[in-house]
Amino acid sequence: MTDTTTLTIDPQTAAPATTRMRLLVTCPDRPGIVAAVSRFVFESGGNIISSDQYSSNPSEGTFFLRVEFTLPQGDRASFSERFGLTVAERFGMSWRLWDAGHKKRIAVLVSRYGHCLQDLLWRWRQGELDGELVLVASNHEDFRADVEAAGLPFHHVPVEKGKKAEAERELVELLEGRCDLAVLARYMQILSGDFLEQVGVPVINIHHSFLPAFAGAGPYERAKERGVKLIGATAHYVTEELDAGPIIEQDVARVTHRQSAEEMVVAGADVERNVLARAVQWHCQDRVLRHGNTTVVF
C-alpha cells in the first residue's frame, strides 16, 4: 500500500501575484539616485531583478539608469504616481515605466526590398522577438502574400508623385493608436517632420551604410567608387534630418576590390537584417535611452 499526501495551499498565504516592470531614468548626475530608486522600489513591495547605470561625467554629467523589477499586480498606477511626485521630481528626472508583460506593438513599413521584413516576420513567428508585429504597410504590393500568410494585415499605401502628403496622412490614420513602434524595413521614402510628429511613436530605420558615411541613396555604389574595405549598416531613430537620427546599432562586413556594387548589396543584406533586428529587440526590451542625438544602450 502506498500512502499519498495531498498538499493544499491556502490562497490567503500564497505568494501574491507580481508583474515585471522596467524603469528608465535620465537626470543630472548627483549622489543618492540609485539609493532613492532602490528604496522606493523596496518600499513599494517590489524586488529588483537587474540594474544598469551609466554616468557621462560624475561631476555635472548626465546619469542613466535602467531597472527591472517585480511589483505586486495592480500597483502600477499608484507606483507611477508616487514615483513621479517623490523621487522623479526631487532629482529632476526624465523617466518612463513599462509593464514587461505587455509586448510593444510594432508596425513595419517596407518598399520593394524584403530581406529585413522577412527576417522580422521569421523572428516574430519563432517567438524570438520581444515585440508583437501588428501590421505591415507598403507603397507597393510586392509582399502582400507573404505578410497575409503570416497572419498579419497588409496595407497598400501608394505614394504617387505630388501626393506624398496625402500618403503620409493615410499612414498616420493607419498607425494611430495601433502601434508603439514603427519600423522602416527598407521603406524607401523620406518621412516629413509633420508625419514624425503626428504618428506619435518612435520610428526606427535601417540604413545600408555605416553612418555617417554615405548617407542618402546609393551607398553601396558610392562605397564601391571610394574603394572602401568595409561596408556596414546602421539602425537609428528617425528624425527630420535625413539619416542623422540617434544611432542604436551598427555592424560591418569586409569587402575587397574584386566585389562589384551588386555583390556588396548581397553581402550587406545580412548585416542589415541583423542590425535592424538587434535595434528593434533592444528598443522593445527598453534598453535604449535617447540623449540628444546619441543613445545609451544597456
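Quick note: structure is the one above.
These numbers come from a predicted model, not from an experiment. (Residues numbered from 1 in each chain as written. Predicted model: local features only at pLDDT ≥ 70, side-chain atom pairs only at ≥ 80, totals over all residues. Heavy atoms only, no water.)

A. Up close: the packing of aromatic side chains. The full count for this structure, using the stated rule, is 6 aromatic pairs. Geometrically, the ring pair formed by F40 and F79 is edge-to-face, given 5.0 Å between the ring centres and 70° between the ring planes. Here F40 is found in helix 1 (residues 33-43), whereas its partner F79 is found in helix 2 (residues 76-91), with 39 residues between them in sequence. On the basis of relative accessibility, which here comes to 8%, the residue F40 falls in the buried class. (Phe/Tyr/Trp six-rings, centres within 6.5 Å; stacked < 30°, edge-to-face > 60°. Helix = DSSP H or I, 4+ residues; strand = E, 2+ residues; numbered from the N terminus. Buried < 20%, exposed > 50% of the residue type's maximum accessible area, 1.4 Å probe, protein only.)

B. Broad picture of the pairing of strand 2 (residues 47-55). When strand 2 meets strand 3 (residues 62-72), the two strands line up antiparallel, connected through 8 bridges. Opposite I48, over in strand 3, you have F69 as the bridge partner. As consecutive antiparallel partners, strand 2 and strand 3 are separated by 6 residues, and within that stretch E60 has a phi angle of approximately 65°, a positive value. (Pairing = 2+ DSSP bridges.)

C. Local environment of helix 7 (residues 219-226). The set of residues buried in helix 7 consists of P219, Y220 and A223. Down the axis, helix 7 shows its buried residues gathered within 95° of arc, on one side only. Contacts from the buried residues of helix 7 go to strand 9 (203-207), strand 10 (230-237) and helix 8 (261-284). Downstream of helix 7 by a residue or two, G227 has a phi angle that is positive, lying close to 65°. (Arc of directions from axis to C-beta. Contact = heavy atoms within 4.5 Å.)

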